[in-house]
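Understanding the architecture of this molecule
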Amino acid sequence: MATPRVFLVRHGETEWSLNGRHTGVSDIPLTANGEKRIKATGRALVGDDRLIVPKQLAHIYVSPRKRAQRTFELLNFGISDPLPWKVHGDKLSEAGHTCGARVEVTQDIREWDYGDYEGITTPEIREIRAKQGLGPKWDIWKDGCVGGESPDDVTLRVDRLIQEIREKWHGPVIGKSKSENLPPSDVLIVAHGHILRAFAMRWVQKTLQDGPAFLLEAGGVGTLSYEHHNIDEPAILLGGAFVVSP
């Protein structure tokens, strides 16, 4: 029976991700090492006999930030249509596989707006808040960002995207027999660390205030799906197997 998935890909390493600076609206490019690692991820995880099978993708959502778009380019999915942005670097060689999914840039999966905390580290934020009389502790999942987004703001937009994915791409196929010649139904999202962790929590109906007990490294890949082939039982897939032909 069909059980569609959502693959979450965090953009590759940047100078700011290396030193822990919060990067929301700033367009910081990938480092050379970040690009190299994303290419390796694409070779390892993308392909007809890999974790992410391009021909099984129904739709692809990408953040409006260049670091996410460049990450998508370097994964080399073999997209047949032109990308909805001007390519940010050298084009790669032919992928060896093709993907018919449409690539969409959406504001709903942009990084958390850090407001006054853009470009600074967590220790610096806590120091600033202590001086402002807000206390020495700061937890983005509970407190949000002064001048930026609150947890409720982020919840609103990721919930909107989750609803769209379930209505458009997953609902029509989940639980049906694979012998019915079903259309592609997997979804790929390429975005950022905080927003993807928020997305995963809301996928399994947890509040952001609960705080995630999981991480997503720069360039990392996560998988969401469902239990018992049931759209009402969303789950985080801790370990996904590669696809092989019978």
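Description of the structure in this document. Numbers given to residues run from 1 along each chain, matching the order in which its sequence is written. Owing to the predicted nature of the model, reporting of local features is limited to residues with pLDDT of at least 70; listing and counting of side-chain atom pairs is limited to 80 or more, with chain, interface and lining totals taken over all residues. As a rule here, side-chain values come from all non-hydrogen atoms in the structure, and water together with hydrogens is ignored.

**Here's the deal with the overall build of the protein**
Put simply, the rule is: A run of H or I in DSSP counts as a helix once it spans at least four residues, and a run of E counts as a strand once it spans at least two, with each numbered from the N terminus. To get the radius of gyration, use the C-alpha atoms; to get the globule rule, take the number of residues to the power 0.38 and multiply by 2.2 Å. Burial classes follow relative accessibility: with a 1.4 Å probe on protein chains only, a residue under 20% of its type's maximum area counts as buried, one over 50% as exposed, and anything between as partly exposed.
When you go through the protein residue by residue, the secondary structure sums to seven helices and six strands. Sequence-ordered secondary structure for the protein, helices as α and strands as β, is β-α-α-β-α-β-α-α-α-β-α-β-β. Here the C-alpha atoms of the protein give a radius of gyration of 18 Å, agreeing with the 18 Å that 2.2 N^0.38 yields for 246 residues. Based on the C-alpha atoms only, the size of the protein along its principal axes is roughly 65 × 40 × 30 Å. Classification of the 246 residues of the protein by burial places 47% in the buried group.

**Here we look at the pattern of salt bridges**
Between side chains of opposite charge, a pair can form when the charged atoms approach closely. Cut-off, in case you're wondering: The working definition used for a salt bridge is a side-chain nitrogen of Lys or Arg within 4 Å of a carboxyl oxygen of Asp or Glu.
This model, assessed by the stated rule, comprises 13 salt bridges. The residue arginine 110 makes a salt bridge to glutamate 149 at a minimum N-O spacing of 3.4 Å. Here arginine 110, found in the loop between strand S3 (102-105) and helix H4 (122-131), pairs with glutamate 149, found in the loop between helix H5 (140-143) and helix H6 (151-170); they are 39 residues apart in sequence, far enough to count as distant. Residue arginine 110 is classed as partly exposed on the basis of its relative accessible area of 22%. Notably, a salt bridge pairs aspartate 139 with lysine 142, separated by 3.4 Å at the nearest N-O pair. On the basis of relative accessible area, aspartate 139 is assigned to the partly exposed category, the value being 27%. Salt bridges here are not isolated pairs; linked through shared partners, they connect Glu35, Arg70 and Glu73.

**As for the environment of histidine 59**
Quick reminder of the rule: Note on definitions: a residue-residue contact is assigned when non-hydrogen atoms from the two residues lie within 4.5 Å.
Within the element layout of this structure, histidine 59 appears in strand S2 (residues 57-62). When the C-alpha positions of histidine 59 and lysine 131 are compared, they lie 46 Å apart, and in sequence the two are 72 residues distant. With residues near it in sequence (within four places) discarded, histidine 59 still touches Ala101, Arg102, Glu104, Trp169, Asp186, Val187 and Leu188.

**A few points about the pairing of strand S5 (residues 221-226)**
For clarity, the threshold we go by: Here, strands pair whenever DSSP counts at least two bridges between them.
In terms of burial, S5 is largely enclosed, as five of its six residues are buried. Here strand S1 (residues 6-10) runs beside S5; their pairing, made up of four bridges, is antiparallel. Paired with valine 9 across the two strands is valine 221, which belongs to S5.

**A few points about the packing of helix H2 (residues 32-45) against helix H3 (residues 66-75)**
In plain terms, the rule: Lines fitted to C-alpha atoms define the axes, with helix axes restricted to the stretch in contact, and inter-axis angles between N-to-C directions lie between 0 and 180 degrees. Working definition: roughly parallel below 35 degrees, roughly antiparallel above 145 degrees, roughly perpendicular at 65 to 115 degrees, and oblique for all remaining angles. By the definition used in this description, the sense in which the near helix is turned from the far one sets the handedness, with an anticlockwise turn below a right angle giving left-handed and a clockwise turn giving right-handed. Throughout this entry, Asp, Glu, Lys and Arg are counted as charged residues, while Ala, Val, Leu, Ile, Met, Phe, Trp, Tyr, Cys and Pro are counted as nonpolar. The remaining residues, Gly among them, count as polar.
With their axes 8 Å apart at the nearest point, H2 and H3 run at an angle of 45° to one another. Relative to H3, H2 is oriented oblique. In terms of crossing hand, the pair formed by H2 and H3 is right-handed. Two secondary-structure elements touch here, H2 through Glu35, Ile38, Lys39, Thr41 and Gly42 and H3 through Arg70, Thr71, Leu74 and Leu75. Of the residues in the contact of H2 with H3, the class split is three nonpolar, three polar and three charged.

**Overview of the pairing of strand S4 (residues 186-191)**
Within S4, six of the six residues are buried, which leaves the element mostly enclosed by the surrounding structure. Burial along S4 is two-sided: Asp186, Leu188 and Val190 facing one way and Val187, Ile189 and Ala191 facing the other are all buried. As paired strands, S1 and S4 are joined by five bridges and run parallel to one another. Within the sheet, the bridge partner assigned to valine 9 lies in S4 and is valine 190.

**A few points about the environment of isoleucine 125**
Topologically, isoleucine 125 is positioned in helix H4. For isoleucine 125, the residues in contact, after removing those within four places along its chain, are His22, Tyr117, Ile120 and Trp138.

**Section: the packing of aromatic side chains**
Our working definition: Two rings from Phe, Tyr or Trp (for Trp, the six-membered ring) form a pair when their centres are within 6.5 Å of each other. A pair whose planes differ by under 30 degrees is stacked, one over 60 is edge-to-face, and the rest are tilted. Only Lys NZ and Arg CZ are tested; either one counts as a charge over a ring when it is within 6 Å of the ring centre and within 35 degrees of the ring normal.
Tallied over the entire structure, the rule returns six aromatic pairs. Seen in terms of ring centroids, tyrosine 117 and tryptophan 138 are 5.4 Å apart; in terms of plane orientation they differ by 75°. Their pairing is edge-to-face. You can see tyrosine 117 sitting in the loop between S3 and H4 and its partner tryptophan 138 sitting in the loop between H4 and H5, a full 21 residues away along the chain. Take tyrosine 117: its relative accessible area is 2%, and that puts it in the buried class. Under the relative-accessibility criterion, tryptophan 138 is labelled buried at 5%. Judged by centre distance (5.3 Å) and plane angle (50°), the rings of tryptophan 203 and tyrosine 226 are tilted. Taken as a pair, tryptophan 203 in helix H7 (residues 193-203) and tyrosine 226 in strand S5 lie far apart in primary sequence, 23 residues in all. Taken together, the aromatic side chains of Phe72, Phe77 and Trp85 make up a single cluster linked through ring pairs. A cation over an aromatic ring shows up here: arginine 166 above the ring of tryptophan 203, its NZ or CZ 4.1 Å from the ring centre.

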